[in-house]
Structure formats: C-alpha cells, structure tokens
Amino acid sequence: MNRSPGSSQAAAPRVVFNYLPVQFTADSFPAGLVDYETGDQLAQLRNELSETHVVGRVGDQIACVPLAAEAPDVGKQEVLDTRKNLELATRLVQASLVRTLAAWKHYELRRAAPPTFVSRGPGRDLLAQAAQSFECELAGLHVYPQYRLDVRMTGPSGCPGIIVGMKTRYEIDVPVGDLLRRGVHVEGRYVLTGAASQEGDRGVVAGRRAVGAVEAVDGDWLILRDAPDVQQVRAAEAWLEGRRDVVDDVVRALVGPAHAKIMESLDEAAFGLAGAEGRLGRIREIAAWLARRRLVLASGLEASVGSPVGLDGTGPRVKSRRFDEPTFVFDLAGDKKHRYPDKGLDEFGPFDSEGFTPKRPSIAVVTPSSLKGTVETFISSFLNGVPGGSVFAQGFVRKYRLTACDVTFEAFDSDLRDAQAYRSACLAALGKARKVDLAFVITSKEQEELTGDESPYLVAKATFMGHGVPVQDVQIETIRKGNLAYPLNSIALACYAKLGGTPYVISAPRAVTQELVIGIGSAHVKASRLTVPERVVGITTVFSADGNYILSNRSSEADYAAYPRELLRSLEACIEEVKARNGWLPGDALRLIFHVFKPLKDTEAQAVKALVEKLTGEYASVEFAFVHVSDEHDWVMFDQNSAGVRSASRSGPAKGRLVPGRGHAVQISRSEMLLSVTGPFDMKLPLQGLPRPLRLKLHRESTFTDLEYLGGQVFRFTALSWRRPYPSGRPVTIMYSDLIASLLGQLRHVKNWNADIVSTRLRASRWFL
C-alpha cells in the first residue's frame, strides 16, 4: 500500500486534546491535619466527614479540607500551598465534580473515582434513535453515551486539568426469562445477577455482576458453567451482559429482518459519539457546561475549567513534534533502502536474501478434498503472483528470491469441522520422505468458535508445530472472495518470516552502545473466564535497535510467588544467546529497553533489575528503560486541519476528518508521552471511531530517560510488522508478545501439545505471525 504521511493534511497540524485545563482561584487553602495510622482510619474519616470535608492522604498525614468556613475543625489547622499540594488539590476538584454531577438532571453518576456518568436524558438513547418503529419490541435495550472525567495534576499544557473520556454503554435491562419466552437463545452466554453494588458504583445496572455462562435451560432455571459461586440461577433474576455482540444477537432475535437496518443506523448514531467530529463536539459541550459552574473546592478555594487544550490561541501552548516514517533497509550493507517496505521487497528482495535457506522450501497443503481444486488455484497464485495486480505481481518465489517451492497436497475426505481428519492429514504430510518446511492449512470461519481438540485449526497447528513446522492457515472464505492480491501479499510476507527469513529492517540511528529492545508480555493460566488465574507465563521477544527480530522465549509456568524467578531465568537465557551471537566484549556499553503492554508490576521490575545488576558487573556500563506502552486510556488527539481521506471515486464522506496523521508526539508529563500511530490513511471505514494514541509511560526505576528517543523508537517499531506490509497500532515488541501469549493460551488445550517446542525447534521461526 502506498502511503503519503501528512498528505491528508491541508495545512500545518493544529492538535487539540480532550483535556480541559483547570485554574485555581487561590494559592492556598485551609486543612486540618491528622497523623495517618491505618487505611481503616482514613476510610472512617471520609465516611464521618463526607458532608463537610474532603479527606485525602498527604504523606504520613491525613488532610481534612473544609468545604465551607463554618465546617467544624478537625485535627491541627494548617494552610496548605495549592501548587505544592497538587495531588490533594486535584482530589478536591474530583470531589467537586462528583457533587456537581450528582445534582445534574438526566445524568446517572456511576462511579465517583474517577467521576463516571451515563447520559440518560430524552433523546440520548442511541438504539431508540436507530429503531424508532420498534420501541415495544426493543424495550429494555439501550445504548447510552457514557462519560468519564479524570482529573490529573498535569497534561499537555503543563497544568492541572480534566481528561474527558467517552464511550457507548450497551445495556440489556430485560430479564433472561422474558428473552427466553420471546425466542432468544442464551446458551453459551454469560449472565449477570443483581448482587449488591460494589463500593463506588451507582445505579441498579451497575450493581449486576457476571456469575457464569449458561450451560442449559431447565424450566425457570439457568444451569451454569464457569460459575465459581453458584451453579444455577432463576432466569427471571438474571440478565445478559450489555455488550455490542450480545445486543446484536438479541436485536436479531426480536425484530428479525429489520435487524440489519437497525444495527446499521445504530453504527451511524454511535459514530456521532465515537467519531472525531462528534467527539470533539461533545467535549466542547461539557467544557462549556463546566465553565458556567462554580466548582467550589474548599473554604476560600474555587476552580474554573477552560476549553479543550489547543482549541484556540488563547489557551496554554502545547509543544509537539512529528516523527518521520522510518526508512526500510533490504541488505546487510545498508545500501538498499526504500520508503515503503512492499515496494522495497519488489525492487531489492528481502534483507537476508543472499544467505537465506532453504531456497527451495517444501510446502505441505492440508485441505478437504471437496476444496482441492479451488485451493490448487490459490496456491498457484501464491507461488507465481497475480498478473496485472498493483501488488504481488511477482509471486512468492520471485519476490523473495527463491529458486522454487516443492508443494504437496494432503487432501482428506471429510468436512471442515472434523478435527481428527485434519490431524490424520497433517501426520500423513509429515510422514512423507522430505521434511516439511512450511504447512498451509485450509480452514473456515465456521470453525472459529471451536476450541481445544474440537478446533481443526488448533489441532493442525499443534500437530505440525510439534514437529517443528510453522503453519499458515487460510480461511476458504478469503480464497472465495477474489481480489487476492492484497491478502496474498500479506500471507507471503508472514510465510517468509515463518521460514526464518528477515524481510526487512529499519534504518536506526547509530549509537555507541549495544542496544536491545525487549518486549515483555505475560499469559495468565486459568481454567475459564471467571476462575482466578493460578499460574503465569512470561513471554519475551528480543529485537536489535534496527528492529531485526532476534528471538523469543517463554518462562515456565509458575505461581505468582515464583514468577519473578522464572522471568529472570528466561531473560538471562535470551541475553546469553544474544551475547554469544553478537560477540559482546567486557568493555562494551549496553542499553536495554523494555516495552511492556501492561503496567510493570513490582515483581517484573525486580526481575529486570536483577538482570541489569548482574550485567553491570560484566560490562563498562548498563543502562535500561522500562516503557509502558498502552492504548487503554481516555486520551485522544484531534487535528483541526485534517480534512481526512476520500475514496478514489470521491463519493461518500471522507474518512479520518480531524484525525491527526501518524507520528504526532506530545509530552504530557515528565515521564509520559502521547503518540499517534493511526492516521486517516490507516483507517479502514468512514464510520471508524477516532483512533486512540499510544500512551508511553517511563517507569521510575529507569536509568535511561530520553523520552523523545524512546518515543521515536516505539513509533518506528509500529511500522515493522512482518505480518502485513503496513503500519500497525502497536510496536512489534508488544504485538509479537501478545500473539505468542494468545496462541500458547489456545494451544495448551490441545491434547499432547508441548509448549517447549517454541523455545527449541521453532526458536528461529516467527511461527506466531
């Protein structure tokens, strides 16, 4: 795919944030200080003084801040500096928002920390708007806007403010018993019961909790599985989960053929909330509403709320920068370079083409006999290319500079759901005289809900991988669609990497240090969704600074107490192998950069610190950085000068209007940065919601703290996937670790699967792509 970063922008970007700056009216406020003893003491004071004070912890003391001058004195009376006590001051803002929202008509406050509320006023139900002729049939089903106001001590403007988060909230407020009488099938669905609300939750729906999945319906009772606390519940006292897919199924059952039109209209209505233009409009409305209110924080202290940061020239200025897209390299000398990875492959071939083996790989194709003819045509296009196509005209053999491929078909006489037939065909292919280098397995969408030994896909993958053979599965629906050039192009890229090849790397800044970028992921081993995880597996992927995938490793399954030790052992094994490969010398300077998708827990940080301390004694210097890379947050960015991208026919709405291009980076605190990685060109549909930027957070234990350098590296790594030749929404360090964790989690339920194979015979393969 040709990409022109920035070409969707008519002018220099004007970046706006969903961050409302807060200004305080006074430099100080009164507080009564009490020595902190226990958490129970803090909770008791908050409960006793809820009407007159805001209570928060300040160091080893508890501050009781009076809301009014006539409030009773508590503790030793002091005057606190607002700026020096920003954490407490932002808690005062949060408490004031809760009081304001609690009195706000047509809005239901769901949580107090951070303040979260649902808009239930007239005309706010998006499903009611989409299904105006079916009010009776769909009564009790709702889709409301939900907002969250998260108060922070600092943001893009360098001052305190409020992040305005929003999403759609799906609700099914119809008992399962009523749905059953109306023909809704609930087997396999998780259900909720009306348990008491947890602390901080407000409203009846908020108090419901998942209790298990429906195994069967027995009269008025639901028989449950994956149910730690109860084995059955009355259908009249249970509700289905309010999720998009569940609502979709219920609407289909209740209104029949009208379902498609209703859900299409619902998507359009939801886009008014999730899309960039609609979202910015809602944020401006909330900002204007808050600006008209007096936020009383304490006796003698109030706060005012401003417009979204960056919206106009009167607010605080925001410093930002735009990272350039990386240049891709296709030879060891670094002379063959191209701006686009796919065109570079066409022109130069893969990075390691001169030394790559096998040049004539043996490929086994497992398929039902009824599909053999169609699959043969597909494999021919894979090997030889799509004539006249804009991509993949050369085919796998020529594009990746191979001499040929030896293909054998193993067809079996059974249907697409017969996992044992797949297993027998895989074993027959493995029993042939020549070793198989790569296997294609033809699957189907109808298999997707199958798991463990019932899944042909997983059984075939486990069988081949157990013999050290990577697998490429292709769904027959993909083959039948036609227009195969783009799917084949991505499949070929992944296949070359699965064979152990390096398609391309990126041009990285030269450094005097030996630098490794390490992705750390983890998979929690649990029997089912609602059971408590008992064991954990650490997943490690290791890359050089130019993005070349070196290896991956997995720790042994361990309980939580032993996990740090197992993770350290896994990391040490990785480092030892890289050390031997690269010939590190005692005088070398090392830099280890760790990317983690989940917040780094103390156990993981301890394992990494132990590794660094061990290396420090061997090398001249060792510095390290822990970077938490996340898209699970409320931050969003807009570009007021982004006109979006229109289709080639220029019909229909532009996609990505007000969406920033890739590479915008804004530091929001000393240790945090926002990074846009999905621009208008990367969006698939005009009704796609506003992409969320990545939030990078540097862990306090890091000794290498150049956040701009680290942000640029994360951005380059988002362009480096060997799964498809265009950028992704996450760096490969995170993506690959997650893919490994996901597949290992599925494969462990297949009989005779041995996960040790991925650390031995498949160590050099990118089998997970």
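Before any of the text, the structure's been laid out above.
All of these numbers come straight from a predicted model, not from anything done at the bench. Counting of residues starts from 1 at the beginning of each chain's written sequence and follows it residue by residue. In keeping with the model being predicted, local features are shown solely for residues with a pLDDT of at least 70 and side-chain atom pairs are shown and tallied solely at 80 or more, while totals for entire chains, interfaces and linings include all residues. As a rule here, side-chain values cover all heavy atoms of the structure and leave hydrogens and water aside.

Colleague: Please clarify how the sheet that holds strand β24 (residues 471-475) should be interpreted in this entry.
Modeller: Adjacent strands of a sheet form backbone hydrogen bonds with each other and so pair up, either parallel or antiparallel. Here we have four strands laid out as an open sheet, ordered β22-β21-β23-β24, and parallel in their pairing. Of all the strands in the sheet, the pair left with one neighbour each is β22 (406-412) and β24. Going across the sheet, the axis of each strand differs from the next one's by a mean of 20°, ignoring polarity. Two strands form a pair only when DSSP identifies at least two bridges running between them. Numbering of helices and strands starts at the N terminus; helices are DSSP runs of H or I of at least 4 residues and strands are runs of E of at least 2. Of the pairings in the sheet, the one linking strand β21 (residues 362-368) to strand β23 (residues 438-443) comprises four bridges and is parallel in character. Across the sheet, residue Ala364 finds its bridge partner in β23, namely Ala439. Packed onto the sheet, helix α9 (residues 372-384) meets β21, β22, β23 and β24 and runs at close to 160° relative to β22. Only the stretch in contact is used when a helix axis is fitted, and all axes are lines through C-alpha atoms; the angle between N-to-C directions ranges over 0 to 180 degrees. A contact between two residues is defined here by any heavy atoms of the two lying within 4.5 Å.

Colleague: Sorry, what's going on with the nonpolar core here?
Modeller: What tends to happen in soluble globular proteins is that the nonpolar side chains get buried as a cluster. Among the buried residues, those of types Ala, Val, Leu, Ile, Met, Phe, Trp, Tyr and Cys that are joined through side-chain atoms within 4.5 Å form a nonpolar core. Summary of the burial criterion: residues with accessible area below 20% of their type's maximum are buried, those above 50% are exposed, and those between are partly exposed, where the area comes from a 1.4 Å probe applied to protein chains only. Formed by 87 residues in total, the largest nonpolar core has its most connected members in Phe382, Phe396, Phe440, Tyr736 and Trp753. With residues near it in sequence (within four places) discarded, Phe382 still touches Ile363, Phe392, Gly395, Phe396, Phe440, Leu488, Ile491, Ala492 and Cys495.

Colleague: I keep staring at the environment of Gly745 and nothing clicks. Help me out?
Modeller: Checked against the element boundaries, Gly745 lands in helix α18 (residues 732-747). Distance in space between the C-alpha atoms of Gly745 and Ala755 is 9.9 Å, their sequence separation being 10 residues.

Colleague: How do you make sense of the sheet that holds strand β3 (residues 28-35) when you look at a structure like this?
Modeller: If you trace the four strands from one edge of the open sheet to the other, you get β4-β5-β3-β6, paired in antiparallel fashion. One side of each edge strand has no neighbouring strand; the edge strands of this open sheet are β4 (53-58) and β6 (76-81). Neighbour-to-neighbour, the strand axes of the sheet open up by a mean angle of 40°, direction not taken into account. In this sheet, strand β5 (residues 61-66) lies alongside β4 in antiparallel orientation, the contact comprising six bridges.

Colleague: Honestly, the pattern of salt bridges in this entry has me stumped. Any pointers?
Modeller: Oppositely charged side chains are able to pair whenever their charged atoms sit close together. By salt bridge we mean one thing: a side-chain nitrogen of Lys or Arg within 4 Å of a carboxyl oxygen of Asp or Glu. All told, the structure shown has 40 salt bridges when counted by the stated rule. With its nearest N and O atoms 3.7 Å apart, the salt bridge here joins Arg423 to Asp453. On the criterion of sequence distance, the pair formed by Arg423 in helix α11 (residues 419-430) and Asp453 in the loop between β23 and α12 (456-465) is long-range, its members being 30 residues apart. A salt bridge links Arg591 to Glu623, with the shortest nitrogen-to-oxygen separation between them at 2.9 Å. Note that Arg591 is positioned in strand β29 (residues 589-596) and Glu623 in strand β30 (residues 621-630), a separation of 32 residues in sequence.

Colleague: Would you explain unusual backbone geometry in this entry?
Modeller: Excluding glycine, most residues fall at negative phi; most peptide bonds, likewise, are trans. Residue Pro114 is bonded to the preceding Ala113 through a cis peptide linkage, with omega at -10°. Among the structural elements, Pro114 can be located in the loop between β7 (107-112) and β8 (115-119). With a phi angle near 60°, Phe392 is a residue other than glycine that sits in the positive phi range. Along the chain, Phe392 turns up in the loop between α9 and α10 (395-399). Relative accessible area serves as the criterion here: at 1%, Phe392 is assigned to the buried category. We note that Leu658 has phi near 70°; this positive angle belongs to a residue other than glycine. Looking at the secondary structure, you find Leu658 in the loop between β31 (637-639) and β32 (664-669). For Leu658, a relative accessible area of 9% corresponds to the buried category.

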